[in-house]
Amino acid sequence: MPMLPESVTAGREQQSSFWAKWVILILTKLYDFNLGSVTESSLWRSTDYGTTYEKLNDKVGLKTVLSYLYVSPTNKRKIMLLSDPEIESSILISSDEGATYQKYRLNFYIQSLLFHPKQEEWILAYSLDQKLYSSMDFGRKWQLMQERVTPNRFYWSVTGLDKEPDLVHMEARTADGHTHYLTCRIQECSETKRSGPFSRSIDISSLVVQDEYIFIQVTAGGRANYYVSYRREPFAQIKLPKYSLPKDMHIISTDENQVFAAVQEWNQNDTYNLYISDTRGVYFTLALENVKSSRGLEGNIIIDLYEVAGIKGIFLANRKIDDQIKTFITYNKGRDWRLLQAPDTDLRGNPVVCQLPFCSLHLHLQLSENPYTSGSISSKETAPGLLVATGNIGSELSYTDVGVFISPDGGNSWRQVCFIFEEEYNVWFLDWGGTLVAMKHTSVPIRHMWVSFDEGRSWSKYSFTSTPLFVDGSLVDPGIETQIMTVFGHFSLRSEWQLVKVDYRSIFSRRCNKDDYQTWHLHNQGEPCVMGERKIYKKRKPGAQCSLGRDYSQTVVSEPCVCGQGDFECDYGYERRSNNQCVPAFWFSPSSLSKDCSIGQSYLNSTGYRRIVSNNCTDGLREKYMAKMEKCPGKAPRGLQIITTDGKLVTEQGHNATFIILMEELDFGDGIAVSYANFSPVEDGIRHVYKSAGIFQVTAYAENSLGSDTAVLFLHVVCPVEHVHLSVPFVAIRNKDINITAVVWPSQAGTLTYFWWFGNSTKPLITLESSISYIFTVEGMNTVTVQVAAGNILIQDTKEIAVHEYFQSQLLSFSPNLDYHNPDIPEWRQDIGKVIKRALVQVTGIPDEQILVAVFPGLPTSAELFILPHKNTTERRKSSEDDLEQVVEVLFNALNQNLVQFELKPGVEVIVYVTQLTLAPLVDSSTGHSSSAMLMLLSVVFVGLAVFLIYKFKRPSTALPPQTQCSESSPRVQK
């Protein structure tokens, strides 16, 4: 039994602590619930690892109330204390491990501090009034850097990536009211010295600077676009699978040159999908669907994903399947997942009947938000392969019948800890993971703890206090190289803190020698290669009651393996099918990768596979699966575009307009180029914010004893339009008028002007209405373009309409599983229409130019199949109609026999059905009615999606405010 010192008492309501080799500092605060504030604080210091404590209130000021304790991460001797801002604004600085202090008054109130990761004297301070200050002498002098900085969105430079070590990344609101990403050096942060690495404004609370990556978010048209900069390169837009359509997003991890992101998609509520990126953080592929999520104490989102420490590539995740939560494990960073095998025997040695996949082991994966408790699962870098977790055996995760389980081999096998752990316990690692210490997590007082030297096979009971203690937590040396811990709590609900030092050194009889170790092989269900390596570790033999010590090394052998199929994941745009092959997703065209490629250049052509990041395999399939450098293919001109450098479709008179084109010659349209400058002074005036769109009469009235005067202006207030969707029929009859509608988002944009362009016409039709009727006189594919003007904003959309003398149509329906994956947006309907058309052509052999599929908006998912006449058949009308009837019969037979199917994604097979038993009659231009017999798809698109978050797992998320939309207002004159 270890020898225990006397208890040390202190103020008991709140507590924080710090370890520095043999020094422990503890700050306690007394919170008065009646006053709703902290009224007293005490600072305690121990220099003998917690055997005795000295109270330092006289050294910091007897009346000083302290709020926070900080330690320089690069020099543990330097300590900083903050006073309670409700009483005074000052800091206390120590350079001798907290023995003595100097007090400095401040002219601002500190909310948080950020220490430089390399320079011990450099600190950033964030004030309560959203100002950012910097100090280069450990807080003795401060300099204002920037105002209107977003909370928790400021970062120090990263060594090896940023050119200047004193560079600061920050998100701040500038004078124009927009939020921007700014950088500057701490001594050179005037407006002229600041720079904006991203040219446009960004969403508030979206900047994240983490390892080699910088993330920002820009919302437009109700959808968030994410951008990433890798190693300070120019920003690139993040590419998720086309129809992930996230409504929430968190950055989980950026370790090992790869980004883990959790995305809540449009059809999810309490789960997230896990995505994993390429090295640059641009292209993301799906790793696991429907991962459980929950809310933390501060309202932050917590994803049930746990990375096993000490061995790269191993993750545990709780996944929701058919309303059940099940625990899965991966050994190759998310490429393959499997259920956990339950232990062979229970606590009493009886065989456990648990057959996969109906029964398995399920674990609680929450990390503790209290730094003084262990959480529901633990692993350590210094003890690779050893996991301790609470969970249960059965068909799903349970919160009632739980126990403690231990795996000694990285999650391959598990055993339940003996009968002492039928309740919830905290488990800590000591002596570099060679010793496990367990203490009951309970609301009643306790006096015992349990110690194991053989990875939890057997446990010894020890008393750490003579009087039962309400335990609130334990302080364990962050280095875990010692056998000392401090338990803190109180004897009764009204007593003060009790600090108990527990010294386990007397338990260890000696230091371990080579005969006390054994080796074990890391594997995945017998497969010795994990993440492309074969690794052998050493650990202490069960029952060897010796101390590992600081020089303990775990890895014995590490050698690369030959690359196999399990070392490669599907590349962006590809999905793994049941035959384990990566094939293009229905929305992805592999040829699109070369669209920006010119003749004479080369590009990397993906094979559909990419090696898992941080996988160290060599040779084998590496050459077969790696992307191939190929010459850019020659191709006919297609998709010709002309855009402006700023992406806008309007420019001001007198300003340069720069165009980007894909041709050798550009006609500017007016024949001349004129520029001039007009400067006029602008003075401060009366400001007013209009909350609705419309035309307003603004009146100024002045009066004195000699008379009065009035001035009037009519002000057009518009809500900027962000998107327009052109709703047109897919097929129209020649020489019959059709209705065309432009749907604008947001819908309450005020007075709009519509410019309609048909075919190759050079003059538009101009209307104030969003709909127009038009007659097409030429057969074939006809183009319609609408431009919508609102103030100085101009946006456009273009569609094609198939115009024919006659056609036939048929309504289609689908197996119900398609509805779950239908986000009901135009792009998805277009892509699905192409997939259905491809399936029809493949089954029937009918030329694709004779088939057109239009998917309807809304649920359940339905569509219309158009059967078109063959090209150049107008002259032989009668025979062509007969040919069309034959095509219809072939299609009808294939659909009735359920031969038309397509795989939407792995495991989702969709069947196409005929909705009606009879086809729609032949539609042509000889009928007497004036309206065209075709389908008009009216859809309201770009509905506002919820804003997104970029979140690192280790810090609480900050919710973004909801987007504001312009309120509805008809054009009107108001006084």
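From a predicted model like this one, the values you see are computed outputs, not experimental measurements. (Residues numbered from 1 in each chain as written. Predicted model: local features only at pLDDT ≥ 70, side-chain atom pairs only at ≥ 80, totals over all residues. Heavy atoms only, no water.)

Participant: Please explain the overall build of the chain as it appears in this structure.
Facilitator: A count of helices and strands for the chain gives five helices and 72 strands. In the chain, which comprises 975 residues, the share counted as buried stands at 50%. For the chain, restricting intrachain contacts to residue pairs at least 6 apart in sequence, the fraction spanning at least 24 positions comes to 54%. Just so you have it, the chain exposes about 48,100 Å², and 51% of that area is on carbon and sulfur atoms. (Helix = DSSP H or I, 4+ residues; strand = E, 2+ residues; numbered from the N terminus. Buried < 20%, exposed > 50% of the residue type's maximum accessible area, 1.4 Å probe, protein only. Contact = heavy atoms within 4.5 Å. Areas by Shrake-Rupley, 256 points an atom, 1.4 Å probe, with all protein chains shown as cover.)

Participant: For this particular structure, what's the right way to read the state of the cysteines?
Facilitator: In protein structure, a disulfide is the covalent linkage between the sulfur atoms of two cysteines. For the coordinates displayed, the defined rule picks out six disulfides. Put simply, Cys 184 and Cys 189 are joined by a disulfide, and their sulfur atoms are 1.9 Å apart. Because the torsion about its S-S bond is -70 degrees, the bridge between Cys 184 and Cys 189 counts as left-handed. The exposure class assigned to Cys 189 is buried, which follows from its relative accessible area of 9%. (Disulfide = S-S within 2.5 Å.)

Participant: Explain the pairing of strand S24 (residues 284–295) to me, please; I cannot follow it from the model alone.
Facilitator: Each regular strand shows side chains that alternate between the opposite faces of the sheet. Summarising the sheet, strand S23 (residues 271–277) and S24 pair through six bridges and their orientation is antiparallel. Following the sheet pairing, Tyr 272 is matched in S24 by Val 291. Hairpin connection, S23 to S24: the antiparallel pair is bridged by six residues, and Gly 281 has positive phi, about 75 degrees. Sheet analysis places S24 next to strand S25 (residues 301–303), joined by three bridges and oriented antiparallel. Each bridged residue has a counterpart across the sheet, and for Ser 294 the counterpart in S25 is Ile 302. In this structure, the hairpin formed by S24 and S25 is closed by a connection of five residues, where Gly 299 is found at a positive phi of approximately 85 degrees. (Pairing = 2+ DSSP bridges.)

Participant: Whenever I open this one, helix H4 (residues 826–844) confuses me. Can you help?
Facilitator: A turn of α-helix holds 3.6 residues, and therefore any two residues three or four places apart point the same way. With 19 residues, H4 should reach 27 Å at 1.5 Å per residue; the first-to-last C-alpha distance of 27 Å fits that figure. What H4 keeps buried is the set Pro 826, Trp 828, Arg 829, Asp 831, Ile 832, Gly 833, Val 835, Ile 836, Ala 839, Leu 840 and Thr 844. Looking one or two places after H4, you find Gly 845, whose phi comes out positive at around 80 degrees. (Expected span 1.5 Å × (residues − 1).)

Participant: Where do I start with unusual backbone geometry in this structure?
Facilitator: It is generally the case that most residues other than glycine have a negative phi and that most peptide bonds are trans. Note the cis peptide between Leu 356 and Pro 357, where omega equals 0 degrees. Looking at the secondary structure, you find Pro 357 in the loop between strand S29 (338–339) and strand S30 (360–363). Note the cis peptide between Leu 859 and Pro 860, where omega equals -5 degrees. Mapping Pro 860 onto the fold places it in the loop between strand S67 (851–855) and strand S68 (862–867). Notably, Leu 245 is not glycine yet its phi reads approximately 45 degrees, a positive angle. Its location among the elements puts Leu 245 in the loop between strand S20 (236–237) and strand S21 (246–253). Not every positive phi belongs to a glycine, and Asp 323 is a case in point at roughly 65 degrees. Among the structural elements, Asp 323 can be located in the loop between strand S27 (315–321) and strand S28 (324–330).

Participant: What's the story with the environment of Glu 233 in this structure? I'm lost.
Facilitator: With respect to the helices and strands, Glu 233 occurs in the loop between strand S19 (223–230) and S20. Glu 233 sits 19 residues away from Ile 214 along the chain, and the two C-alpha atoms are 9.6 Å apart.

Participant: Looking at this structure, how should I read the nonpolar core?
Facilitator: In a soluble, globular protein the nonpolar side chains are often hidden away together inside. Ranked by internal contacts, the top residues of the largest apolar core, which has 46 residues, are Ile 836, Leu 840 and Leu 865. Among the elements of the structure, strand S48 (568–570), strand S66 (806–814), H4, S67, S68, helix H5 (877–896), strand S69 (901–905) and strand S70 (908–914) are those that each provide at least two residues to this core. One finds Leu 207, Ile 214, Ala 224 and Val 259 within the second-largest nonpolar core, a separate group that totals 29 residues. (Core = buried A, V, L, I, M, F, W, Y, C linked by side-chain atoms within 4.5 Å.)

Participant: I keep staring at the pattern of salt bridges and nothing clicks. Help me out?
Facilitator: Where charged atoms of side chains with opposite charge meet at close range, the side chains can pair. Using the criterion set out here, one finds 33 salt bridges in the structure. Across the salt bridge formed by Asp 166 and Arg 185, the nearest N and O atoms sit 2.9 Å from each other. Here Arg 185 lies in strand S16 (residues 179–185) and Asp 166 lies in the loop between strand S14 (149–156) and strand S15 (167–173), a separation of 19 residues in the sequence. Given a relative accessible area of 8%, Asp 166 falls into the buried group. By relative accessible area, Arg 185 is classed as partly exposed at 31%. Asp 270 is paired through a salt bridge with Lys 320; the nearest N and O atoms lie 3.0 Å apart. Taken together, the residues span a long stretch of sequence, with Asp 270 in the loop between strand S22 (260–265) and S23 and Lys 320 in strand S27 at a distance of 50 residues. (Salt bridge = Lys/Arg side-chain N within 4 Å of Asp/Glu carboxyl O.)

Participant: Honestly, the packing of aromatic side chains in this entry has me stumped. Any pointers?
Facilitator: Summed over all chains, the structure comprises 29 aromatic pairs. Ring plane angle 80 degrees and centroid distance 6.0 Å describe the contact between Tyr 572 and Phe 588, whose orientation is recorded as edge-to-face. Separated by 16 residues along the polypeptide, Tyr 572 in the loop between S48 and strand S49 (574–576) and Phe 588 in the loop between strand S50 (582–584) and strand S51 (602–605) bring together distant segments of the chain. Assessed through its relative accessible area of 12%, Tyr 572 is described here as buried. Three or more aromatic residues link up through ring pairs in this structure, and these residues are Tyr 283, Tyr 572, Tyr 574, Trp 587 and Phe 588. Note that Lys 78 overlies the ring of Phe 138, its terminal NZ or CZ placed 5.6 Å from the centroid. (Phe/Tyr/Trp six-rings, centres within 6.5 Å; stacked < 30°, edge-to-face > 60°. Lys NZ or Arg CZ within 6 Å of the ring centre and 35° of its normal.)

Participant: Just checking my understanding: could you explain the sheet that holds strand S17 (residues 208–210) for this structure?
Facilitator: The strands making up a sheet associate through backbone hydrogen bonding, with each pair oriented either parallel or antiparallel. Strand order in the open sheet made by the four strands is S17-S18-S19-S20, with antiparallel pairing throughout. Looking at which strands have only one partner, the edges of the open sheet turn out to be S17 and S20. In terms of strand pairing, S17 meets strand S18 (residues 213–220) through three bridges, oriented antiparallel. Directly across from Val 208, in S18, lies its bridge partner Phe 215.

Participant: How should the environment of Leu 106 be read in this particular structure?
Facilitator: With respect to the secondary-structure elements, Leu 106 resides in the loop between strand S9 (102–105) and strand S10 (110–115). Of the residues examined, Leu 106 reaches a relative accessible area of 15% and is grouped as buried. Between the C-alpha atoms of Leu 106 and Ile 91, which are 15 residues apart in sequence, the distance is 7.5 Å. Discounting chain neighbours no more than four positions away, the residues touching Leu 106 are Ser 89, Ser 90, Ile 91 and Trp 142.

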